[in-house]
Amino acid sequence: GESVGLHLPTLSVQEGDNSIINCAYSNSASDYFIWYKQESGKGPQFIIDIRSNMDKRQGQRVTVLLNKTVKHLSLQIAATQPGDSAVYFCAEILANQAGTALIFGKGTTLSVSS
Amino acid sequence: NAGVTQTPKFQVLKTGQSMTLQCAQDMNHEYMSWYRQDPGMGLRLIHYSVGAGITDQGEVPNGYNVSRSTTEDFPLRLLSAAPSQTSVYFCASSFYRADTQYFGPGTRLTVL
């Protein structure tokens, strides 16, 4: 079936490095994508989103890139800090004749060492 | 705003017991949903509601019931708990379905 997935289940970086978390999606009809951060023992927290008519969007220390040609989404975190350690999920919103669905990937665990 | 709140934070049940997980939001969101999160499985949609009085099944609805009598509240009922329902449950809400969802802190449920 169609789903959102992440390339790597874990990513380890040093404090101060830039982190890149990747996500591949399979449904070209998806028109809205969201990145969530989930810290241990907490619910997912919205980080940044992007619509399919854009290829880049920037927030505070985070950038999301969307490549519709290869159906690839990435989250870039600049100057990664220990507080960025968490599980990161990408999610896509797919609207079709059957309705609208928010589909989550399985997550990438980011570990930041000092 | 408190956002999305869930109670209880932790719960232990015996097989066959029933209980209700509470979820409330104060953002006047129309869309509310329940997910379960299991290791290696990501978030799976149990039930959702697009407004008061309207509910529908998600990906894994068996063993759960929901109702939506008000915009604010969306309780999840376990009819007869089973060990397979041991999980972390998250409630989420958004203005409408095709929108960013905001999550509650979760309820960790263990069924013995």
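On a predicted model such as this, the values are computed, not experimentally measured, just so you know.

Draft legend 1. Structural context of the overall build of chain A. Of the regular secondary structure elements, chain A holds zero helices and eleven strands. Mapped from its N terminus to its C terminus, chain A presents α and β elements in the order β-β-β-β-β-β-β-β-β-β-β. Counting every position in chain A, which comprises 114 residues, the buried fraction comes to 43%. In chain A, 53% of the contacts between residues at least 6 apart in sequence involve partners at least 24 apart.

Draft legend 2. Geometry of the overall build of chain B. A count of helices and strands for chain B gives zero helices and eleven strands. Counted from the first residue to the last, chain B has its helices and strands arranged as β-β-β-β-β-β-β-β-β-β-β. Against the globule reference of 13 Å for 112 residues, chain B gives a C-alpha radius of gyration of 13 Å, in line with a compact fold. Dimensions of chain B along its principal axes, counting C-alpha atoms only, are 35 × 25 × 25 Å. Within the span of chain B, comprising 112 residues, buried residues form 50% of the whole. Put simply, 54% of the contacts in chain B that link residues at least 6 apart link residues at least 24 apart. Here chain B has roughly 5,100 Å² of accessible surface; of this, 52% comes from carbon and sulfur atoms.

Draft legend 3. Broad picture of the confidence of the model for chain A. This prediction gives chain A a mean pLDDT of 87; 89% of its residues lie at or above 70. Summarising per-element confidence for chain A, the mean pLDDT is lowest in strand β1 (residues 4–6) of chain A (54) and highest in strand β6 (residues 56–58) of chain A (97).

Draft legend 4. Molecular detail of the nonpolar core. Within the largest apolar cluster, 20 residues are counted, with the highest numbers of intra-cluster contacts made by A:W35, A:L73, A:L75, A:Y88 and A:L110. In this structure, B:L21, B:Y64, B:F74 and B:A81 belong to the second largest nonpolar core, which totals 19 residues.

Draft legend 5. Quick peek at the side chain of B:S49. Residue and element names in this part refer to chain B. By secondary structure assignment, the location of S49 is in strand β5 (residues 42–51). Assessed through its relative accessible area of 0%, S49 is described here as buried. A polar atom in the side chain of S49 sits 2.7 Å from the side chain of R68. Excluding its chain neighbours within four sequence positions, the residues that come into contact with S49 are E30, Y31, M32, I54, T55, R68 and F74.

Draft legend 6. Highlighting the pairing of strand β11 (residues 108–113) of chain A. Residue and element names in this part refer to chain A. By the alternation rule, side chains of β11 split into T108, L110 and V112, which are all buried, and T109, S111 and S113, of which none is buried. Bridge count between strand β2 (residues 10–14) and β11: five bridges; the pairing is parallel. Bridging across to β11, Q14 finds its partner in S113.

Draft legend 7. Fine view of the state of the cysteines. Considering all chains together, one arrives at two disulfides over all chains under this definition. Here A:C23 is linked by a disulfide to A:C90, with a sulfur-sulfur distance of 1.9 Å. Across the S-S bond of A:C23 and A:C90 the torsion is about 55°, and the bridge reads as right-handed. Separated by 67 residues along the polypeptide, A:C23 in strand β3 (residues 19–25) and A:C90 in strand β9 (residues 86–96) bring together distant segments of the chain. Of the two residues examined, A:C23 and A:C90, each falls in the buried class. Two residues, B:C23 and B:C91, share a disulfide whose sulfurs are 1.8 Å apart. The chirality of the disulfide connecting B:C23 with B:C91 is left-handed, given an S-S dihedral of about -70°. A residue pair is termed long-range when its members are at least 10 positions apart, and B:C23 in strand β3 (residues 19–25) and B:C91 in strand β9 (residues 87–94) qualify at 68 residues. In this structure, B:C23 and B:C91 share a single accessibility class: buried.

About the cut-offs
- Positions within a chain are numbered from 1, following the residues in the order the chain's sequence is written.
- Key to labels: chains lettered from A, ligands numbered from 1, both in the order written.
- Thresholds applied to this predicted model are a pLDDT of at least 70 for local features of residues and 80 or more for the giving and counting of side-chain atom pairs; totals over whole chains, interfaces and linings are not thresholded and use all residues.
- No hydrogens and no water enter the side-chain calculation; it runs on all heavy atoms of the structure.
- Each helix is a run of DSSP H or I of at least 4 residues and each strand a run of E of at least 2, with the numbering of both proceeding from the N terminus.
- Burial classes follow relative accessibility: with a 1.4 Å probe on protein chains only, a residue under 20% of its type's maximum area counts as buried, one over 50% as exposed, and anything between as partly exposed.
- Pairs of residues are marked as contacts when any of their non-hydrogen atoms sit within 4.5 Å.
- Computation of the radius of gyration draws on C-alpha atoms, with the globule rule given as 2.2 Å multiplied by the number of residues to the power 0.38.
- Values of accessible area rely on a 1.4 Å probe in the Shrake-Rupley scheme; residue burial ignores everything except the protein chains shown.
- One confidence number per residue, pLDDT, is output by the predictor and ranges from 0 to 100.
- As used here, the term nonpolar core means buried Ala, Val, Leu, Ile, Met, Phe, Trp, Tyr and Cys residues forming a set that is joined through side-chain atoms within 4.5 Å.
- Counting of polar contacts relies on pairs of N or O atoms within 3.5 Å, with two restrictions inside protein: one atom must be capable of donating a hydrogen and the other of accepting it, and residues adjacent in sequence are counted only when both atoms are side-chain atoms.
- Strands are treated as partners if at least two bridges between them are detected by DSSP.
- When two cysteine sulfur atoms are found within 2.5 Å, that pair is recorded as a disulfide.

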